[in-house]
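Secondary and tertiary structure notes
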Amino acid sequence: MASNSAPPALSEALPPENLAPGPLTSNPHIDNIPAAALEAGDNTETDDGYSSSGDAVSSTTSLSSSIKAHVWENGRRYNKFREGQYALPNDEGEQNREDMKHEMTLMLCNGALHFAPIGENPQHIVDLGTGTGIWALDMADKYPSALVEGIDLSPIQPVWVAPNAKFIIDDVEDPWTHPPDHFDLVHFRVLVAHMKNIPTLFEQSFRHIKSGGWIEIQDHENIPYCDDGSMPSNYAPKQMFLMASEALAAIGKDATAILTADEKLLAAGFTNITHRVFKLPVGPWAKDKQQKLLGLFWRTAILDGLQGIAMGTFGRMKKWSPEEIEVYLVDVRKALLDPSIHTYWPYHIITAQKPSN
């Protein structure tokens, strides 16, 4: 039975300040793989740059969608379908940010699109909250045997897609129209904090996954951590994201949902749960070259997303004006660019299997 209880208070759900994330549960049914330590380099920033390797898919067919409307607020564009359910914009700037985050995630995972062992010839894959559809299109390329479907509230996916890719505009929290025991893999990335009823979503996923099939959740926490004491207690980005989390909690969303996702998967019936944790540095402070580049990716993603996040939470829910938001963000941006502060965000990847038979 799904629980409709309110999200936990932030003081209960968030870790003590500066404490590195450890195993999230001692449950013997969950295999925890902790994040590797980050070593700081000097404070000299060297931006080697980065490039996107996501090219258009060669084989194409038409994308059919009847839901095209958008709504504009304070100069940013949002989804009209189920308006207000998703806090972030869907305009070109946000789409570019999401595609950059996809490339960053591939780098974080050493090129892996997924960790669930779905074999070489899966038949049906679905990406919940697909956004621009970039992950779904990469999966359609990787697995020509599979029909890869992407579902989202916003009609922002490419008009021409691979013949084994399909995009649907729908709400993933509505009852699914797919048959039971259908999917080899249900995937969602950076989605659980935007859901109102996660236990029901997991139960619905379980129902529609094949016997022996998999679910995979990829999501970052929504607060910075620090292992070396360099983050001050009044760190402006941390205060901002705490406020944003409180604004989301007021409409039934839990910004800390990834921390309890594995236990909810167990309750839904999944087994063989593995919980991997990675560290995403903010800025190029890490000594390792790949971690330095990841830090540039992630800091850029945060900086580019600040206005959209603030407009969607403080603007919509706290009724701040665009001018008030811009004034508030000055100190947040300044702190993010301070090379002496060594913060990171934990990135979680959870895989779980529906038992055979």
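Residues numbered from 1 in each chain as written. Predicted model: local features only at pLDDT ≥ 70, side-chain atom pairs only at ≥ 80, totals over all residues. Heavy atoms only, no water.

Turning our eyes to something else, we now look at the sheet that holds strand β9 (residues 183–189). Taken in spatial order, the 8 strands of this open sheet run β1-β11-β12-β10-β9-β5-β6-β8, and their pairing is mixed. The outermost strands of the open sheet, each flanked by one partner alone, are β1 (30–33) and β8 (165–169). Adjacent strand axes in the sheet meet at a mean angle of 15°, parallel and antiparallel pairs treated alike. Relative to strand β11 (residues 271–281), β1 runs parallel, the two being bridged by 4 bridges. Across the sheet, I30 pairs through a bridge with I273, a residue of β11. (Pairing = 2+ DSSP bridges. Helix = DSSP H or I, 4+ residues; strand = E, 2+ residues; numbered from the N terminus. Axes fitted to C-alpha atoms, helices over the stretch in contact; angles between N-to-C directions.)

Take the packing of aromatic side chains next. Tallied over the full model, the rule gives 10 aromatic pairs. For the ring pair W298 and W345, a centre distance of 5.3 Å and an interplane angle of 80° mean the geometry is edge-to-face. Of this pair, W298 sits in helix α7 (residues 289–317) while W345 sits in strand β12 (residues 344–353), and the two are 47 residues apart along the sequence. An identical accessibility class is assigned to W298 and W345; each is buried. Taking 5.8 Å as the distance between ring centres and 90° as the angle between the ring planes, the aromatic pair formed by F314 and Y328 counts as edge-to-face. Highlighted residues: F314 in helix α7 and Y328 in helix α8 (residues 322–336), separated in sequence by 14 residues. With relative accessibility at 0%, the residue F314 sits in the buried group. For Y328, a relative accessible area of 23% puts it in the partly exposed group. Through pairs of rings, three or more aromatic residues link up here, namely F241, W298 and W345. K354 extends its terminal NZ or CZ atom over the ring of F206, reaching a point 5.0 Å from the ring centre. (Phe/Tyr/Trp six-rings, centres within 6.5 Å; stacked < 30°, edge-to-face > 60°. Buried < 20%, exposed > 50% of the residue type's maximum accessible area, 1.4 Å probe, protein only. Lys NZ or Arg CZ within 6 Å of the ring centre and 35° of its normal.)

Glancing now at α8. Across its 15 residues, α8 extends 21 Å between first and last C-alpha, which sits within 8% of the 21 Å expected from 1.5 Å per residue. Its maximal kink placed at L329, α8 deviates by approximately 30°. For α8, the elements touching its buried residues are α5 (236–249) and α7. (Expected span 1.5 Å × (residues − 1). Bend = angle between axes of the 7 residues up to and from the residue. Contact = heavy atoms within 4.5 Å.)

So, about the pattern of salt bridges. One pass over the full model with this rule turns up 6 salt bridges. D181 is the partner of K354 in a salt bridge, and the nearest nitrogen-oxygen pair spans 2.7 Å. Within this pair, whereas K354 is found in the segment after β12, its partner D181 is found in the loop between β8 and β9, the two being separated by 173 residues in sequence. Each member of the salt-bridge network shares a partner with another, and the members are R97, E98 and K101. (Salt bridge = Lys/Arg side-chain N within 4 Å of Asp/Glu carboxyl O.)

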